Amino acid sequence: MDFQAYRIFELEDGTFQRKIVTRSTDELPQGEVLIKVAYAGLNFKDALSSTGHKGITREFPHTPGVDAAGYVASSSDLQFKEGDEVLVTGYDLGMNTDGGFGQYIRVPKGWVVPLPKNLSLKESMILGTAGFTSALALWKMEKAGQSPEMGEIVITGATGGVGSMAVSIFSTAGYQVVASSGKAEEEDYLKKLGAVRREDRSYTNDESGRLLLRTQWAGALDTVGGNTLATLMKACGKNGSIAVCGLVSSHELNTTVYPFLLNGINLIGVESAETSIDVRLKLWEKLNSIWKPGHLNDISKLISLDELDDQIELILKGKTRGRVVVKHD
Ligand SMILES: NC(=O)c1ccc[n+]([C@@H]2O[C@H](COP(=O)([O-])OP(=O)(O)OC[C@H]3O[C@@H](n4cnc5c(N)ncnc54)[C@H](OP(=O)(O)O)[C@@H]3O)[C@@H](O)[C@H]2O)c1
């Protein structure tokens, strides 16, 4: 079966070229489940893969797209049958396994999640890895004792994919969310998602050199890293949790033990891609019910495959808002 895919090619001079090509399902990797992709999410990781980042994708040509949702076209495993609505996020999809920017994917059965009944395929991709990562962070924070009564939660990179989802999901779960964002013009958008207010990026970028700051928040989800993450730790209240989700500014963390020793904070690692299927099913059920944001369509922009190039450039510059979702024909 022929289909269209957005492929990245490595040229002899070491540069990378992106183009839409026709492929055959025979060329897809081994796996029990062949899926006709209806929607795919665009993530920061996909943008890195599309520029030839070898830390994400070792070998080219390659089809990025870590999130995909659609219909089972065929399955050699009895758990899935033709026509079933399913989604796949993470594992190796879009990294070194051909991903959702192609109209078909073939994956191992263990990666496939049945579409939760209160979500449409499109909604599941608006959520995608960004929503799933936010849910994983919230789940881990609550396991460490976080609760809405403790006070405000800061979300950094708030207009981004993970940020927008986190603002929505944490506020849906009952938290007072402060959105830290460099985009002053997006204040109304962030409030619509559920934030109580927007703060500039400087709010979470302390340059005083002090080892601890007065308490300013009860916990945080950070997508930025570097001094932002260090600041979040220094001003976090007693026993609060900071979920470490991203590194859009820096992979470094220069801190001291004081936030741990004097305030008992928890620094929580969030790794969504390899999350076990049991936890995945549990979190998708929460996203299907009590954590499902009421305004998913406001967080997303729907594009076609041939608009991907422009959106990849924008996400690399931190200029997208919310989630970008590719609709396949
Ligand atoms: N741990 C996991 O499992 C997991 C899963 C998914 C993503 N991630 C990571 O999470 C991060 C965000 O991913 P995403 O897909 O949400 O990306 P995104 O849509 O590009 O969002 C990133 C946001 O960060 C802010 N930002 C950009 N550059 C910045 C800078 N230099 N300093 C401070 N803020 C900056 C911008 O928001 P404002 O303009 O509103 O400030 C931007 O919209 C990435 O590092 C990604 O790799 C991790």
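Residues numbered from 1 in each chain as written. Predicted model: local features only at pLDDT ≥ 70, side-chain atom pairs only at ≥ 80, totals over all residues. Heavy atoms only, no water.

Caption draft 1: Highlighting the side chain of T204. Along the chain, the position of T204 falls in the loop between strand 10 (195-199) and strand 11 (219-222). A polar side-chain atom of T204 sits 3.5 Å from a polar atom in the side chain of S180. The contacts of T204, once residues within four sequence positions are left out, are V154, T156, S180, W217, N227, T228, T231 and L232. (Helix = DSSP H or I, 4+ residues; strand = E, 2+ residues; numbered from the N terminus. Polar contact = N/O pair within 3.5 Å; in protein donor to acceptor, adjacent residues only side chain to side chain. Contact = heavy atoms within 4.5 Å.)

Caption draft 2: Quick peek at the nonpolar core. Ranked by internal contacts, the top residues of the largest apolar core, which has 46 residues, are L127, I155, M165, V167, F170, W284 and W291. Elements that contribute at least two residues to this core include exactly strand 3 (33-42), helix 2 (121-143), strand 8 (153-156), helix 3 (161-172), strand 9 (177-180), helix 4 (187-193) and helix 7 (277-287). Take this core: its biggest share by element is twelve residues, from helix 2. Aside from chain neighbours lying at most four places away, what touches I155 is G163, A166, V167, F170, V177, V178, A179, S180 and L221. (Core = buried A, V, L, I, M, F, W, Y, C linked by side-chain atoms within 4.5 Å. Buried < 20%, exposed > 50% of the residue type's maximum accessible area, 1.4 Å probe, protein only.)

Caption draft 3: Structural view of the site of the ligand. In the vicinity of the ligand there are 25 residues, among which T159, V162, S181, C245 and V270 approach most closely. A distance of 3.4 Å separates an oxygen atom of the ligand from a polar atom in the backbone of G160. The contact in question runs from an oxygen atom of the ligand to an N or O atom on the backbone of V162, over 2.7 Å. Notes on the ligand: free accessible area 930 Å², of which the protein chains cover 85%. Mapped by element, the contributors of at least two residues to the shell around the ligand are helix 2 and helix 3. Here the shell around the ligand is composed, by residue class, of nine nonpolar, 13 polar and three charged. (Near = heavy atom within 4 Å. Areas by Shrake-Rupley, 256 points an atom, 1.4 Å probe, with all protein chains shown as cover. Nonpolar A, V, L, I, M, F, W, Y, C, P; charged D, E, K, R; others polar.)

Caption draft 4: Spatial organisation of the pattern of salt bridges. Summed over all chains, the structure comprises 18 salt bridges. Here R197 makes a salt bridge to E152, at a shortest N to O gap of 2.9 Å. Of this pair, R197 sits in strand 10 while E152 is found in the loop between helix 2 and strand 8, placing the two residues 45 residues apart along the sequence. Classification of R197 by relative accessible area gives partly exposed; the value is 26%. Here the salt bridges share partners, and the residues they tie into one network are R7, R23, E27 and D98. (Salt bridge = Lys/Arg side-chain N within 4 Å of Asp/Glu carboxyl O.)

Caption draft 5: Structural context of a nonpolar patch on the surface. A cluster of nonpolar side chains, namely L211, L253, V257, Y258, F260, L261, L262 and L267, defines an oily patch on the protein surface of about 710 Å² accessible area. By residue number, the principal contributor to the nonpolar patch is helix 6 (residues 258-263), which donates four residues. By secondary structure assignment, the location of F260 is in helix 6. Take F260: its relative accessible area is 32%, and that puts it in the partly exposed class. (Patch = residues over 30% accessible without salt bridge, like charges linked within 9 Å, V, L, I, M, F, W, Y side chains within 5 Å.)

Caption draft 6: View of the sheet that holds strand 9. Pairing is parallel in the open sheet, where six strands are placed in the order 10-9-8-11-12-13. Only two strands of the sheet have a single partner each, and these edge strands are strand 10 and strand 13 (266-269). Strand after strand, the sheet turns through a mean of 20° between neighbouring axes, direction not considered. Pairing analysis gives four bridges linking strand 12 (residues 241-244) to strand 13, with the strands arranged parallel. Across the sheet, S241 pairs through a bridge with N266, a residue of strand 13. (Pairing = 2+ DSSP bridges. Axes fitted to C-alpha atoms, helices over the stretch in contact; angles between N-to-C directions.)

Caption draft 7: Broad picture of the pairing of strand 15 (residues 323-327). Burial runs high along strand 15: four of the five residues are buried. In the sheet, strand 3 pairs with strand 15 via four bridges, with the strands oriented antiparallel. If you follow A40 over to strand 15, its bridge partner there is V326. Pairing analysis gives four bridges linking strand 14 (residues 300-303) to strand 15, with the strands arranged parallel. Residue L302 lies in a different strand from strand 15, and its bridge partner there is V325. For the segment spanning strand 14, helix 8 (residues 308-316) and strand 15, crossover handedness is right-handed. (Right-handed = clockwise from strand over helix to strand, strands pointing away.)

Caption draft 8: Quick peek at the environment of M1. With respect to the helices and strands, M1 occurs in the segment before strand 1 (2-10). Judged by its relative accessible area of 52%, M1 falls in the exposed class. Along the primary structure M1 and T25 are separated by 24 residues, whereas in three dimensions their C-alpha atoms are 5.4 Å apart. Other than its neighbours up to four places away in sequence, M1 contacts R23, S24, T25, L34 and Y104.

Caption draft 9: Quick peek at unusual backbone geometry. Along the chain, F60 connects to P61 via a cis peptide bond; the corresponding omega equals 5°. With respect to the element layout, P61 can be found in the loop between helix 1 (44-50) and strand 4 (67-75). Despite not being glycine, Y91 shows a phi value in the positive range, around 50°. Its identity is not glycine, yet N239 carries a phi of approximately 60°, on the positive side. With relative accessibility at 47%, the residue N239 sits in the partly exposed group.

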